[in-house]
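Remarks on the overall topology
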Amino acid sequence: MGWVDHELADEFPDLALWTVRVEAQSGRSPEPVRERLGELSSRITGGHVIHMRQDPVPWAYRVFWRQIGIDPDTTRTPVEQIALDRLQWGGLRSRNLLDDAITIATFETGVPVVALDADLVGDQLGLRLTGADELLGGSGRPLSARQIVVADEDRCLAVLSGEVAEERGVTPSTTNMAIGAIQVKGVPRISVEEALWTVTETLSVGG
Amino acid sequence: MDGDGDPVGWGLTRRIALGRVLSSQSGRGNTLPDTLELRTPYQQGPPSLPPLAPRTAPDERPARRTLLDQIERLEQELSSVFVSTWPRKGFEFSVASRGGPRLLSLAELELLRDDLATRVDDARRSLSDRTYVEEKHRCRIEEMLLAPEEHKWVRIGNDDIGEPGCKHWHVRPRMGVLGILMNWWRVKISSGCPLAKGPCAP
(Lines give C-alpha, C1' and ligand atoms only; values in the text may rest on other atoms or scores of the structure.)
Protein backbone atom coordinates (compact mmCIF):
# COMPACT_ATOMS: atom_id res chain seq x y z
CA MET A 1 0.00 0.00 0.00
CA GLY A 2 1.41 3.40 -0.97
CA TRP A 3 1.85 6.39 1.28
CA VAL A 4 -0.51 9.38 1.45
CA ASP A 5 0.66 12.89 2.27
CA HIS A 6 -0.59 13.93 5.75
CA GLU A 7 -2.52 16.96 4.48
CA LEU A 8 -4.38 14.78 1.97
CA ALA A 9 -4.95 12.10 4.57
CA ASP A 10 -6.43 14.70 6.94
CA GLU A 11 -8.87 15.82 4.26
CA PHE A 12 -9.70 12.36 2.89
CA PRO A 13 -9.02 9.77 5.61
CA ASP A 14 -10.11 6.88 3.38
CA LEU A 15 -7.95 7.85 0.41
CA ALA A 16 -5.36 5.19 -0.42
CA LEU A 17 -3.13 4.05 -3.22
CA TRP A 18 -2.67 0.30 -3.60
CA THR A 19 0.21 -0.82 -5.74
CA VAL A 20 1.51 -4.03 -7.19
CA ARG A 21 4.55 -4.72 -9.36
CA VAL A 22 4.19 -7.08 -12.27
CA GLU A 23 6.75 -8.55 -14.59
CA ALA A 24 4.91 -8.30 -17.87
CA GLN A 25 5.03 -6.71 -21.27
CA SER A 26 2.29 -5.03 -23.21
CA GLY A 27 1.61 -5.64 -26.88
CA ARG A 28 -1.21 -6.90 -29.05
CA SER A 29 -3.98 -8.46 -26.98
CA PRO A 30 -4.38 -12.22 -27.39
CA GLU A 31 -7.73 -13.62 -28.53
CA PRO A 32 -9.08 -14.52 -25.03
CA VAL A 33 -8.61 -10.91 -23.90
CA ARG A 34 -10.27 -9.55 -27.03
CA GLU A 35 -13.15 -11.95 -26.50
CA ARG A 36 -13.53 -10.83 -22.91
CA LEU A 37 -13.59 -7.23 -24.05
CA GLY A 38 -16.32 -8.14 -26.53
CA GLU A 39 -18.38 -9.87 -23.85
CA LEU A 40 -17.95 -6.85 -21.62
CA SER A 41 -19.19 -4.45 -24.27
CA SER A 42 -22.30 -6.54 -24.87
CA ARG A 43 -23.15 -6.13 -21.17
CA ILE A 44 -23.12 -2.33 -21.35
CA THR A 45 -26.49 -0.85 -22.27
CA GLY A 46 -27.88 2.67 -22.20
CA GLY A 47 -29.93 1.96 -19.08
CA HIS A 48 -26.89 0.49 -17.39
CA VAL A 49 -24.86 3.62 -18.09
CA ILE A 50 -27.62 5.90 -16.84
CA HIS A 51 -27.94 4.00 -13.57
CA MET A 52 -24.20 3.59 -13.16
CA ARG A 53 -23.89 6.83 -11.22
CA GLN A 54 -26.10 5.35 -8.52
CA ASP A 55 -24.01 2.20 -8.11
CA PRO A 56 -21.94 2.46 -4.92
CA VAL A 57 -18.42 2.31 -6.35
CA PRO A 58 -18.83 4.54 -9.44
CA TRP A 59 -20.82 6.93 -7.27
CA ALA A 60 -18.03 7.07 -4.66
CA TYR A 61 -15.58 8.19 -7.36
CA ARG A 62 -18.07 10.75 -8.69
CA VAL A 63 -18.29 12.25 -5.22
CA PHE A 64 -14.53 12.23 -4.83
CA TRP A 65 -14.10 13.86 -8.25
CA ARG A 66 -16.51 16.57 -7.16
CA GLN A 67 -14.75 17.11 -3.82
CA ILE A 68 -11.37 17.61 -5.50
CA GLY A 69 -12.73 20.20 -7.90
CA ILE A 70 -13.47 18.14 -11.02
CA ASP A 71 -16.90 18.18 -12.66
CA PRO A 72 -17.58 14.45 -13.28
CA ASP A 73 -20.00 15.37 -16.08
CA THR A 74 -17.16 17.04 -17.99
CA THR A 75 -14.10 15.03 -16.96
CA ARG A 76 -15.63 11.60 -16.49
CA THR A 77 -14.50 9.09 -13.91
CA PRO A 78 -12.64 6.24 -15.68
CA VAL A 79 -15.48 3.76 -15.39
CA GLU A 80 -18.04 6.22 -16.76
CA GLN A 81 -15.69 7.13 -19.59
CA ILE A 82 -15.38 3.46 -20.58
CA ALA A 83 -19.17 3.04 -20.57
CA LEU A 84 -19.64 6.22 -22.57
CA ASP A 85 -17.01 5.17 -25.12
CA ARG A 86 -18.83 1.87 -25.51
CA LEU A 87 -22.09 3.70 -26.30
CA GLN A 88 -20.36 6.13 -28.62
CA TRP A 89 -18.34 3.58 -30.62
CA GLY A 90 -20.74 0.66 -30.40
CA GLY A 91 -18.16 -1.52 -28.70
CA LEU A 92 -14.96 -1.56 -26.69
CA ARG A 93 -12.06 -1.47 -29.12
CA SER A 94 -8.95 -3.41 -28.28
CA ARG A 95 -5.85 -1.17 -28.17
CA ASN A 96 -3.09 -3.14 -26.48
CA LEU A 97 -2.81 -5.70 -23.71
CA LEU A 98 -2.24 -3.23 -20.87
CA ASP A 99 -4.98 -0.82 -21.91
CA ASP A 100 -7.38 -3.72 -22.40
CA ALA A 101 -6.48 -5.13 -18.98
CA ILE A 102 -7.08 -1.73 -17.36
CA THR A 103 -10.38 -1.33 -19.23
CA ILE A 104 -11.60 -4.75 -18.08
CA ALA A 105 -10.50 -4.20 -14.47
CA THR A 106 -11.94 -0.71 -14.26
CA PHE A 107 -15.26 -1.65 -15.77
CA GLU A 108 -15.64 -4.84 -13.70
CA THR A 109 -14.83 -3.13 -10.39
CA GLY A 110 -15.34 0.60 -10.96
CA VAL A 111 -11.86 1.31 -9.54
CA PRO A 112 -9.47 3.54 -11.54
CA VAL A 113 -6.13 1.93 -12.28
CA VAL A 114 -2.89 3.58 -13.35
CA ALA A 115 0.18 1.82 -14.80
CA LEU A 116 3.79 3.02 -14.77
CA ASP A 117 7.12 1.64 -15.88
CA ALA A 118 8.45 0.11 -12.65
CA ASP A 119 12.06 0.51 -13.77
CA LEU A 120 11.64 4.26 -14.21
CA VAL A 121 9.91 5.06 -10.92
CA GLY A 122 10.98 4.84 -7.30
CA ASP A 123 10.19 2.00 -4.90
CA GLN A 124 7.61 3.83 -2.84
CA LEU A 125 4.63 5.27 -4.69
CA GLY A 126 2.13 7.51 -2.98
CA LEU A 127 -0.26 10.42 -3.22
CA ARG A 128 0.67 13.98 -2.40
CA LEU A 129 0.07 17.62 -3.29
CA THR A 130 2.36 19.34 -5.75
CA GLY A 131 4.62 22.13 -4.60
CA ALA A 132 5.45 25.27 -6.55
CA ASP A 133 7.09 24.91 -9.99
CA GLU A 134 6.86 21.13 -10.25
CA LEU A 135 6.91 19.34 -13.59
CA LEU A 136 4.97 16.21 -14.47
CA GLY A 137 7.42 13.34 -14.53
CA GLY A 138 10.26 15.65 -13.58
CA SER A 139 10.61 17.15 -17.07
CA GLY A 140 7.10 17.25 -18.52
CA ARG A 141 4.49 19.95 -18.46
CA PRO A 142 4.37 22.32 -15.48
CA LEU A 143 1.83 21.51 -12.80
CA SER A 144 -0.02 24.09 -10.78
CA ALA A 145 0.60 24.09 -7.04
CA ARG A 146 -1.44 21.86 -4.72
CA GLN A 147 -2.60 19.44 -7.39
CA ILE A 148 -3.16 15.87 -6.26
CA VAL A 149 -0.65 13.57 -7.93
CA VAL A 150 0.74 10.06 -7.81
CA ALA A 151 4.41 10.45 -6.96
CA ASP A 152 7.50 8.56 -5.92
CA GLU A 153 10.18 9.85 -3.59
CA ASP A 154 11.54 12.28 -6.21
CA ARG A 155 8.88 13.43 -8.67
CA CYS A 156 5.24 13.56 -9.74
CA LEU A 157 4.38 10.60 -11.96
CA ALA A 158 0.70 11.07 -12.79
CA VAL A 159 -2.12 13.47 -12.12
CA LEU A 160 -4.89 11.84 -10.11
CA SER A 161 -7.47 12.35 -12.85
CA GLY A 162 -5.48 10.02 -15.12
CA GLU A 163 -2.72 11.86 -17.02
CA VAL A 164 0.52 9.88 -16.75
CA ALA A 165 3.96 11.41 -17.33
CA GLU A 166 5.05 10.27 -20.79
CA GLU A 167 8.60 9.44 -19.75
CA ARG A 168 7.40 7.32 -16.78
CA GLY A 169 4.54 5.52 -18.50
CA VAL A 170 4.50 2.05 -19.96
CA THR A 171 6.00 1.65 -23.45
CA PRO A 172 6.33 -1.41 -25.71
CA SER A 173 9.82 -1.96 -24.27
CA THR A 174 8.64 -1.99 -20.65
CA THR A 175 9.15 -5.32 -18.90
CA ASN A 176 8.25 -4.38 -15.32
CA MET A 177 5.10 -2.49 -14.50
CA ALA A 178 3.92 -0.75 -11.36
CA ILE A 179 0.13 -0.91 -11.23
CA GLY A 180 -1.69 1.41 -8.85
CA ALA A 181 -5.35 1.54 -7.83
CA ILE A 182 -6.91 4.47 -6.00
CA GLN A 183 -9.29 3.82 -3.15
CA VAL A 184 -11.65 6.50 -1.86
CA LYS A 185 -14.36 6.69 0.79
CA GLY A 186 -17.13 4.18 0.13
CA VAL A 187 -15.04 1.78 -1.96
CA PRO A 188 -14.49 -1.58 -0.27
CA ARG A 189 -10.99 -2.94 -0.14
CA ILE A 190 -12.06 -6.08 -1.97
CA SER A 191 -12.97 -4.02 -5.07
CA VAL A 192 -9.49 -2.48 -5.13
CA GLU A 193 -7.83 -5.86 -4.68
CA GLU A 194 -10.02 -7.31 -7.42
CA ALA A 195 -9.05 -4.47 -9.78
CA LEU A 196 -5.33 -5.13 -9.24
CA TRP A 197 -5.81 -8.87 -9.48
CA THR A 198 -7.78 -8.51 -12.75
CA VAL A 199 -5.04 -6.42 -14.33
CA THR A 200 -2.25 -8.82 -13.32
CA GLU A 201 -4.31 -11.84 -14.35
CA THR A 202 -5.12 -10.34 -17.76
CA LEU A 203 -1.48 -9.39 -18.30
CA SER A 204 -0.41 -12.92 -17.43
CA VAL A 205 -2.81 -14.30 -20.08
CA GLY A 206 -0.98 -12.22 -22.64
CA GLY A 207 2.48 -12.93 -21.37
CA MET B 1 -3.91 44.99 27.02
CA ASP B 2 -3.89 48.67 26.06
CA GLY B 3 -1.58 50.37 23.62
CA ASP B 4 1.20 50.83 26.18
CA GLY B 5 1.25 47.25 27.11
CA ASP B 6 -0.72 47.81 30.32
CA PRO B 7 -3.71 45.71 31.20
CA VAL B 8 -7.03 47.43 30.43
CA GLY B 9 -8.21 49.57 33.38
CA TRP B 10 -4.75 50.23 34.76
CA GLY B 11 -4.53 53.58 33.02
CA LEU B 12 -7.27 55.08 35.21
CA THR B 13 -5.76 53.86 38.48
CA ARG B 14 -2.32 55.04 37.52
CA ARG B 15 -3.52 58.49 36.63
CA ILE B 16 -5.25 58.86 39.97
CA ALA B 17 -2.11 57.83 41.78
CA LEU B 18 0.01 60.10 39.62
CA GLY B 19 -2.31 63.03 40.31
CA ARG B 20 -2.04 62.49 43.99
CA VAL B 21 1.75 62.23 43.87
CA LEU B 22 1.99 65.37 41.78
CA SER B 23 -0.36 67.30 44.08
CA SER B 24 1.58 66.24 47.18
CA GLN B 25 4.88 67.10 45.52
CA SER B 26 3.78 70.54 44.40
CA GLY B 27 2.82 71.45 47.96
CA ARG B 28 -0.02 73.60 46.67
CA GLY B 29 -2.92 71.51 47.87
CA ASN B 30 -5.39 70.79 45.05
CA THR B 31 -3.86 73.09 42.45
CA LEU B 32 -3.41 70.07 40.20
CA PRO B 33 -6.88 68.58 40.50
CA ASP B 34 -7.29 64.85 40.70
CA THR B 35 -10.74 65.21 39.09
CA LEU B 36 -9.21 66.23 35.77
CA GLU B 37 -7.45 62.90 35.62
CA LEU B 38 -10.51 61.09 36.89
CA ARG B 39 -13.00 62.59 34.48
CA THR B 40 -11.06 62.23 31.28
CA PRO B 41 -11.57 58.51 30.85
CA TYR B 42 -15.30 58.75 31.65
CA GLN B 43 -15.89 61.67 29.32
CA GLN B 44 -14.27 59.84 26.48
CA GLY B 45 -16.01 56.61 27.30
CA PRO B 46 -14.32 53.35 28.17
CA PRO B 47 -10.97 52.82 26.48
CA SER B 48 -11.39 51.25 23.07
CA LEU B 49 -9.81 47.84 22.68
CA PRO B 50 -7.29 47.36 19.93
CA PRO B 51 -8.12 44.40 17.62
CA LEU B 52 -6.95 41.16 19.07
CA ALA B 53 -4.44 39.31 16.99
CA PRO B 54 -5.24 35.56 16.91
CA ARG B 55 -2.59 33.54 18.71
CA THR B 56 -3.44 30.29 16.88
CA ALA B 57 -4.72 29.60 13.36
CA PRO B 58 -8.38 28.52 13.30
CA ASP B 59 -8.97 24.82 12.80
CA GLU B 60 -10.84 24.51 9.50
CA ARG B 61 -11.15 20.77 9.63
CA PRO B 62 -14.65 20.49 11.16
CA ALA B 63 -15.99 23.06 8.68
CA ARG B 64 -14.27 21.32 5.77
CA ARG B 65 -15.57 17.93 6.88
CA THR B 66 -19.12 19.30 7.07
CA LEU B 67 -18.82 20.86 3.61
CA LEU B 68 -17.45 17.65 2.12
CA ASP B 69 -20.37 15.72 3.63
CA GLN B 70 -22.82 18.26 2.24
CA ILE B 71 -21.24 17.97 -1.22
CA GLU B 72 -21.55 14.18 -0.97
CA ARG B 73 -25.26 14.41 -0.10
CA LEU B 74 -25.95 16.94 -2.86
CA GLU B 75 -24.13 14.79 -5.42
CA GLN B 76 -26.34 11.88 -4.37
CA GLU B 77 -29.45 14.01 -4.84
CA LEU B 78 -28.23 15.26 -8.21
CA SER B 79 -27.61 11.67 -9.33
CA SER B 80 -31.13 10.69 -8.23
CA VAL B 81 -32.67 13.56 -10.17
CA PHE B 82 -30.53 12.67 -13.20
CA VAL B 83 -31.77 9.08 -13.16
CA SER B 84 -35.37 10.26 -12.71
CA THR B 85 -35.17 12.56 -15.71
CA TRP B 86 -34.07 9.84 -18.13
CA PRO B 87 -35.06 9.61 -21.04
CA ARG B 88 -36.08 13.25 -21.05
CA LYS B 89 -33.67 15.71 -22.56
CA GLY B 90 -32.83 19.36 -22.01
CA PHE B 91 -31.80 19.26 -18.36
CA GLU B 92 -28.61 20.82 -17.12
CA PHE B 93 -26.60 18.87 -14.53
CA SER B 94 -23.14 20.22 -14.91
CA VAL B 95 -21.52 22.26 -12.12
CA ALA B 96 -18.41 24.20 -13.10
CA SER B 97 -15.09 22.50 -12.45
CA ARG B 98 -12.70 24.09 -9.94
CA GLY B 99 -9.51 23.25 -11.80
CA GLY B 100 -8.94 19.98 -10.00
CA PRO B 101 -7.65 17.54 -9.00
CA ARG B 102 -6.55 19.60 -6.01
CA LEU B 103 -7.45 20.46 -2.44
CA LEU B 104 -10.07 23.19 -2.54
CA SER B 105 -9.99 26.08 -0.11
CA LEU B 106 -12.80 26.53 2.38
CA ALA B 107 -14.33 29.33 0.30
CA GLU B 108 -14.18 27.18 -2.85
CA LEU B 109 -15.85 24.30 -1.05
CA GLU B 110 -18.61 26.66 0.08
CA LEU B 111 -19.09 27.94 -3.46
CA LEU B 112 -19.16 24.40 -4.82
CA ARG B 113 -21.74 23.40 -2.22
CA ASP B 114 -23.91 26.41 -3.11
CA ASP B 115 -23.62 25.74 -6.86
CA LEU B 116 -24.56 22.11 -6.35
CA ALA B 117 -27.54 23.05 -4.18
CA THR B 118 -28.72 25.50 -6.84
CA ARG B 119 -28.26 22.90 -9.59
CA VAL B 120 -30.19 20.25 -7.64
CA ASP B 121 -32.98 22.72 -6.95
CA ASP B 122 -33.16 23.85 -10.60
CA ALA B 123 -33.14 20.28 -11.93
CA ARG B 124 -35.80 19.16 -9.47
CA ARG B 125 -38.02 22.13 -10.31
CA SER B 126 -37.61 21.61 -14.06
CA LEU B 127 -38.44 17.92 -13.66
CA SER B 128 -41.51 18.77 -11.61
CA ASP B 129 -42.73 21.24 -14.28
CA ARG B 130 -42.03 18.75 -17.03
CA THR B 131 -43.89 15.89 -15.30
CA TYR B 132 -46.88 18.17 -14.71
CA VAL B 133 -47.09 18.90 -18.45
CA GLU B 134 -46.59 15.21 -19.25
CA GLU B 135 -49.45 14.28 -16.96
CA LYS B 136 -51.68 16.76 -18.78
CA HIS B 137 -50.67 15.17 -22.09
CA ARG B 138 -51.50 11.70 -20.78
CA CYS B 139 -54.95 12.91 -19.70
CA ARG B 140 -55.40 14.40 -23.15
CA ILE B 141 -54.56 11.09 -24.82
CA GLU B 142 -57.28 9.45 -22.69
CA GLU B 143 -59.74 12.14 -23.76
CA MET B 144 -58.71 11.79 -27.41
CA LEU B 145 -59.36 8.07 -27.27
CA LEU B 146 -62.77 8.60 -25.67
CA ALA B 147 -63.92 11.44 -27.94
CA PRO B 148 -61.68 11.90 -31.01
CA GLU B 149 -64.08 14.30 -32.68
CA GLU B 150 -63.48 16.80 -29.89
CA HIS B 151 -59.69 16.82 -30.52
CA LYS B 152 -59.46 17.10 -34.28
CA TRP B 153 -55.92 16.86 -35.72
CA VAL B 154 -54.28 16.78 -32.28
CA ARG B 155 -51.03 14.88 -32.25
CA ILE B 156 -49.15 13.81 -29.10
CA GLY B 157 -45.85 11.96 -29.20
CA ASN B 158 -43.86 9.91 -26.71
CA ASP B 159 -41.63 12.93 -26.18
CA ASP B 160 -44.60 14.80 -24.74
CA ILE B 161 -45.26 12.16 -22.11
CA GLY B 162 -41.63 11.55 -21.15
CA GLU B 163 -41.25 8.18 -22.84
CA PRO B 164 -38.49 7.04 -25.19
CA GLY B 165 -39.25 6.30 -28.84
CA CYS B 166 -41.20 7.94 -31.66
CA LYS B 167 -44.67 6.55 -30.96
CA HIS B 168 -47.44 9.11 -31.35
CA TRP B 169 -51.21 9.49 -31.12
CA HIS B 170 -52.80 11.45 -33.92
CA VAL B 171 -56.51 12.30 -34.32
CA ARG B 172 -57.33 11.94 -38.04
CA PRO B 173 -60.53 11.70 -40.07
CA ARG B 174 -61.68 8.23 -41.09
CA MET B 175 -61.76 7.90 -44.91
CA GLY B 176 -60.18 11.26 -45.65
CA VAL B 177 -62.41 14.11 -46.85
CA LEU B 178 -65.53 12.04 -46.35
CA GLY B 179 -64.62 11.62 -42.69
CA ILE B 180 -64.16 15.36 -42.34
CA LEU B 181 -67.58 15.99 -43.87
CA MET B 182 -69.28 13.25 -41.87
CA ASN B 183 -67.38 14.06 -38.66
CA TRP B 184 -65.87 10.58 -38.47
CA TRP B 185 -62.71 10.86 -36.44
CA ARG B 186 -60.37 8.33 -34.93
CA VAL B 187 -57.03 8.19 -33.09
CA LYS B 188 -54.27 6.73 -35.19
CA ILE B 189 -51.42 5.29 -33.13
CA SER B 190 -48.07 5.15 -34.85
CA SER B 191 -45.75 2.47 -33.52
CA GLY B 192 -42.74 4.74 -34.07
CA CYS B 193 -39.65 4.64 -36.22
CA PRO B 194 -38.26 1.49 -37.77
CA LEU B 195 -35.20 0.10 -36.00
CA ALA B 196 -32.18 2.30 -36.44
CA LYS B 197 -29.65 0.93 -38.88
CA GLY B 198 -26.09 2.10 -38.47
CA PRO B 199 -23.65 2.43 -41.34
CA CYS B 200 -21.98 -0.85 -40.36
CA ALA B 201 -25.07 -2.94 -39.59
CA PRO B 202 -24.52 -6.66 -40.32
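Up top is the structure these notes are about.
This report concerns the structure included in the present document. Since the structure is predicted, the reported quantities are computational estimates derived from the model, not experimental observations.

Next up on the list: the layout of surface pockets. All names here are of chain A. Of the volumes computed, that of the largest pocket is approximately 950 Å³. Among the elements of the structure, helix H5 (78–89), helix H6 (97–109) and strand S3 (113–117) are those that each provide at least two residues to the lining of the largest pocket. Residue classes in the lining of the largest pocket are distributed as 19 nonpolar, 12 polar and 6 charged.

Below, the discussion takes up the interface of chain B and chain A. Between chain B and chain A, the contact holds 30 residues from the first and 29 residues from the second. Buried surface at the junction of chain B and chain A, summed over both partners, amounts to about 2,600 Å²; 57% is from carbon and sulfur atoms. When residues of chain B are sorted by the area they lose upon contact with chain A, Glu75, Pro101 and Leu103 of chain B head the list and together hold 28% of the total. The tally of links between chain B and chain A comes to 6 salt bridges. Between Glu75 of chain B and Arg62 of chain A there is a salt bridge, and its shortest N-O distance comes to 3.0 Å.

Bringing the nonpolar core into the picture now. Side chains that are nonpolar tend, in soluble globular proteins, to be buried together. One finds Ile179 and Leu203 of chain A to be the most contacted residues of the largest nonpolar core, which totals 79 residues. Excluding residues within four positions of it along the chain, Ile179 of chain A makes contact with Trp18, Thr19, Val20, Val22, Leu98, Val113, Val114, Ala115, Leu196, Val199 and Leu203 of chain A. Among the nonpolar cores identified, the runner-up in size contains 9 residues, and Met144, Ile161, Trp185 and Val187 of chain B belong to it.

Residue and element names in this part refer to chain B. Spatially, the 3 strands line up as an open sheet ordered S1-S2-S3, and their pairing is antiparallel. Both edges of this open sheet fall to strand S1 (155–157) and strand S3 (185–190), since each of them pairs with a single strand only. Neighbour-to-neighbour, the strand axes of this sheet turn through a mean angle of 25 degrees, independent of strand direction. The pairing of S1 with strand S2 (residues 168–173) spans 3 bridges and is antiparallel. Looking across to S2, one finds that Ile156 is bridged to Trp169.

Moving on: the pattern of salt bridges. A side chain of one charge can pair with a side chain of the opposite charge if their charged atoms are brought near each other. Tallying each qualifying case throughout the model produces 29 salt bridges over all chains. Residues Arg155 of chain A and Asp152 of chain A are paired through a salt bridge, measuring 3.4 Å at the closest nitrogen-oxygen approach. A residue is classified by how much of its surface remains accessible, and Asp152 of chain A, at 2% relative accessible area, is buried. One salt bridge connects Arg98 of chain B with Asp115 of chain B, and the closest N-O pair in it is separated by 2.6 Å. A residue pair is termed long-range when its members are at least 10 positions apart, and Arg98 of chain B in the loop between helix H3 (61–85) and helix H4 (106–146) and Asp115 of chain B in helix H4 qualify at 17 residues.

With that settled, consider H5 of chain A. Because each turn of an α-helix spans 3.6 residues, side chains separated by three or four positions end up pointing in the same direction. Residues and elements named next belong to chain A. The terminal C-alpha atoms of H5 lie 16 Å apart, and with 12 residues this matches the ideal 16 Å at 1.5 Å per residue to within 8%. Of the residues making up H5, those classed as buried are Val79, Glu80, Ile82, Ala83 and Arg86. Considered in projection along H5, the buried side chains sweep an arc of 160 degrees and stay on one side of the axis. The exposed residues of H5 that point more than 90 degrees off its buried face are Gln88 and Trp89. On the buried face of H5, the contacting elements are helix H2 (31–43), helix H3 (46–52), helix H4 (56–67) and H6.

Within the structure shown, the criterion is met by 5 aromatic pairs over all chains. Each residue in the set Phe12, Phe64 and Trp65 of chain A is aromatic and connected to the rest through ring pairs, giving one cluster. Across from the ring centre of Phe82 of chain B, 3.6 Å away, lies the NZ or CZ of Arg53 of chain A, which sits over that ring. If you follow Arg93 of chain A out to its NZ or CZ, it ends over the ring of Trp89 of chain A, 4.3 Å from the centre.

So, how was this worked out
- Residues numbered from 1 in each chain as written.
- Chains lettered and ligands numbered in written order.
- Predicted model: local features only at pLDDT ≥ 70, side-chain atom pairs only at ≥ 80, totals over all residues.
- Heavy atoms only, no water.
- 1 Å grid on protein atoms, 1.4 Å probe; cavity = no way out; pocket = protein on both sides within 12 Å on 5 of 7 lines; lining within 4 Å.
- Points joined across faces, edges and corners; volume = space filled by probe spheres on them.
- Helix = DSSP H or I, 4+ residues; strand = E, 2+ residues; numbered from the N terminus.
- Nonpolar A, V, L, I, M, F, W, Y, C, P; charged D, E, K, R; others polar.
- Contact = heavy atoms within 4.5 Å.
- Buried area = accessible area lost by both parts, 1.4 Å probe.
- Salt bridge = Lys/Arg side-chain N within 4 Å of Asp/Glu carboxyl O.
- Core = buried A, V, L, I, M, F, W, Y, C linked by side-chain atoms within 4.5 Å.
- Buried < 20%, exposed > 50% of the residue type's maximum accessible area, 1.4 Å probe, protein only.
- Pairing = 2+ DSSP bridges.
- Axes fitted to C-alpha atoms, helices over the stretch in contact; angles between N-to-C directions.
- Expected span 1.5 Å × (residues − 1).
- Arc of directions from axis to C-beta.
- Phe/Tyr/Trp six-rings, centres within 6.5 Å; stacked < 30°, edge-to-face > 60°.
- Lys NZ or Arg CZ within 6 Å of the ring centre and 35° of its normal.

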